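Topology and contacts: notes
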There are 2 protein chains.
Amino acid sequence: MKSSDKIKSLFGIYNNEVEEEIKNLLDSQSGFLMYKMMSYFLGFLDENSQPINSYGGKRFRPGLCLMIAEMYGKRKEALEVAAAIEIYHNFTLIHDDIEDNDPLRRGRPTVWKIWGINHGINTGDAQLILANLELSKIADREAMIFPILSNFLNKKFLEVVEGQFLDFTLADLPLDDEFVSEENYLMMIRNKTSVLVGAAAKAAGIISGVDDREQKSLWEYGVNLGLAFQLQDDLLSIWSDSGQTSKTKENDSYEKETLPMLKLYDTSEQTGKIKANDIYEKKKTLPIIRLYETIDQDKKIELMQIYSQKRRLSDAEVGQVINWLNSSDAHEYTRDKLKYYKDKSRLSVDKLSVGDGDKSKLLEVIDALLPDLK
Amino acid sequence: MKSSDKIKSLFGIYNNEVEEEIKNLLDSQSGFLMYKMMSYFLGFLDENSQPINSYGGKRFRPGLCLMIAEMYGKRKEALEVAAAIEIYHNFTLIHDDIEDNDPLRRGRPTVWKIWGINHGINTGDAQLILANLELSKIADREAMIFPILSNFLNKKFLEVVEGQFLDFTLADLPLDDEFVSEENYLMMIRNKTSVLVGAAAKAAGIISGVDDREQKSLWEYGVNLGLAFQLQDDLLSIWSDSGQTSKTKENDSYEKETLPMLKLYDTSEQTGKIKANDIYEKKKTLPIIRLYETIDQDKKIELMQIYSQKRRLSDAEVGQVINWLNSSDAHEYTRDKLKYYKDKSRLSVDKLSVGDGDKSKLLEVIDALLPDLK
């Protein structure tokens, strides 16, 4: 089975209930256009507020949350938590599209592109608040758990925004700045991408009432899966023949989904992806940081100069960088890191109290998201 | 005593504890520059992250919250709630400055002006989340009250964002659009400005454990005070000799504070305020809506044409509009509305269970914020 089909069969079964829950939340608000903008972005409406069923992301985070809660017999109880995480995730994307000046997301015009930057900022703000309102639905039912979940999730939400801050910071600094390091790059992708995957897994444990040790293993499972996934994305953005990644042609942020990640490796559906786009965009991803750390002094200066250009790089510059990358251990080094986090995620599964069938399912998720690179 | 001194003497005594609480929250985060941007905006740091003590707003909302909680013997217990409201309020201002393209707030460069729009959006997002994290501090102490307060405040936070949405919407529509009505204008200022004043008052009641009826009176007190205050601002922005209002030269949003509201009516400290600025900016405030509704048909068309200009209005156009306003009942009509909400706020005080001294204090707040217009 193809990677994309595996992911669909693993998570697709949770999509309906998450989407219904979010639709109900949005329908229960005032009829202001602001809420239609959210529905548009989530794929429920077209830009004239007419119902459609457009691709609104893979719903991986809420799917993972519900899948894990189901293992503890709490699928139904986890619905609001899963929905809140998906609402939050999509809020980050609405603002990210403004920040990256991206006109398209999932093949459709972005919120700011249709309604302007002010509405984009403001609608995103409202959606962030709605994530908390969705979560607060559990308070009556789960009086003891609600404050714990609220505090935990808001802390993780804050870390995601810190990840975005770090991304801006790394993008603005020259390659030779001491802040541009493997450590800080990993901190950035951890916060920006992985934390919310870890949060989805751990929140499922919290709502299910599992103990701290089990929660910790769930967190480790998700956060390491997220890290490995982002590193895979970084590798594919440079070395994949088709340039297929979850990114758009624009900046990588919060794991872009213009080409659905579901289509990863699905060569029959390639469209408009640019090979080595991360290099053209001078993204300081791990392969580049590793290259810069290990390359000869004279080439280091040249590389630094190329990465100090204000403009998008030329084909010749990109070719030069790729030659250097291929003569270095950057690919191998990044793959080793990817494998390190993938293994950590796998090891966390062993520590869980769930049955063998459920463990296999969690390992399947890892394999579906992280097929071996060719 | 001058209005500004009255306000200072009523609320200044709460400033220190609120500011210490917010400083502690920010200091307990990572050292990322993002948090220094918040401290800068709040007046705790300069733009090089050096400690200063700059004017950071009148802290009216947290002051009102603490003053009311104190009447119920719960001043200390209300601190986190008051701080969360102030943190939220200042988040709205950070985003509002971007949306209005305002370079200055409270006489200092805005966050986006110093660090760019992306950091402005992102830092605001983080600050909104911090409002919830500040609030969640009470969960251990007030297990029963926390979910109620969290749900109540997030609903009010959402209404503030809806107010901003309505403001964009009214600004974009022509004067003859049926949506541009007194009703929708009042809904806009209610959400954008008054709701958070009402929320500060009611939240004080919730944390103090008063009954629903008392909470309702507190809400009515705050929300009507906020409405009257905004209408006063609208009047002053057109008719005050000095043009002194709480607004900047730019768009009015979330009650601008470049010239501290504390200095309202303090003619010795006038600087850079433009008379009739709301007219130059073609703001569709209540006096203009009233004028449009009551003016002769031929002038109505002329007024509509003036207000359809994309550019800032000329002195001649502003003069014409002011002549029409002065020949109409727009001022009187708006004053009557102001008085209506002021009286409603006063009447709510009567319904409270607090002692006569406390009632006098709440009435003093009304009089300090709403001195009779000359």
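Residues numbered from 1 in each chain as written. Chains lettered and ligands numbered in written order. Predicted model: local features only at pLDDT ≥ 70, side-chain atom pairs only at ≥ 80, totals over all residues.

A separate point is the overall build of chain A. If you tally the helices and strands in chain A, you get 15 helices and 2 strands. In terms of C-alpha radius of gyration, chain A reaches 20 Å, essentially the compact-globule figure of 21 Å for 374 residues. Seen through its principal axes, chain A has C-alpha atoms that stretch 65 × 50 × 40 Å. For chain A, the proportion of its 374 residues judged to be buried stands at 55%. Long-range pairs, those at least 24 residues apart, make up 73% of the contacts in chain A between residues at least 6 apart in sequence. (Helix = DSSP H or I, 4+ residues; strand = E, 2+ residues; numbered from the N terminus. Rg over C-alpha atoms; globule rule 2.2 N^0.38 Å. Buried ≥ 20, exposed ≤ 12 C-beta atoms within 10 Å, placed from the backbone. Contact = placed C-beta atoms within 7 Å.)

Summarising the model, chain A shows a mean pLDDT of 90, and 90% of its residues fall at 70 or more. Taken together, the stretch residues 243-273 of chain A has pLDDT below 50 and engages in 78 contacts with residues farther than four places along the chain or on a different chain. (pLDDT = per-residue confidence, 0-100.)

Overlaying chain B with chain A gives an RMSD of 0.0 Å, the required rotation being 180° about an axis along which the chain moves by 0.0 Å. Interpreted geometrically, this transformation is the action of a two-fold axis. The residues that chain B uses at the interface reappear at the interface of chain A in 100% of cases, marking a shared surface. (Least-squares fit on C-alpha atoms with pLDDT ≥ 70 in both.)

Let us look at the packing of helix α1 (residues 3-27) of chain B against helix α4 (residues 79-99) of chain B. Residues and elements named next belong to chain B. With their axes 9 Å apart at the nearest point, α1 and α4 run at an angle of 75° to one another. By the angle class used here, α1 and α4 are roughly perpendicular. Of the residues in α4, those touching α1 at E17, V18, E21 and I22 are L79, E80, A82, A83, E86 and I87. Looking at the contact of α1 with α4 residue by residue, the classes come out as 6 nonpolar, no polar and 4 charged. (Axes fitted to C-alpha atoms, helices over the stretch in contact; angles between N-to-C directions. Parallel < 35°, antiparallel > 145°, perpendicular 65-115°, else oblique. Nonpolar A, V, L, I, M, F, W, Y, C, P; charged D, E, K, R; others polar.)

Right, let's get into the interface of chain B and chain A. Residue-level contacts link 33 residues of chain B with 33 residues of chain A. Those elements giving two or more residues to the side of chain B that touches chain A turn out to be α4, α6 (117-135) and α7 (145-172) of chain B.

A pair of packed helices is characterised by two quantities: the angle between their axes and the separation of those axes. All names here are of chain B. Interhelical geometry of helix α14 (residues 330-351) versus helix α15 (residues 356-369) gives an angle of 170° and a closest axis separation of 9 Å. The orientation of α14 with respect to α15, classified from their angle, is roughly antiparallel. Residue-level contacts link K342, S345, R346 and V349 of α14 to K359, L362, L363 and I366 of α15. When the residues that make up the contact of α14 with α15 are grouped by side-chain class, the tally is 4 nonpolar, 1 polar and 3 charged.

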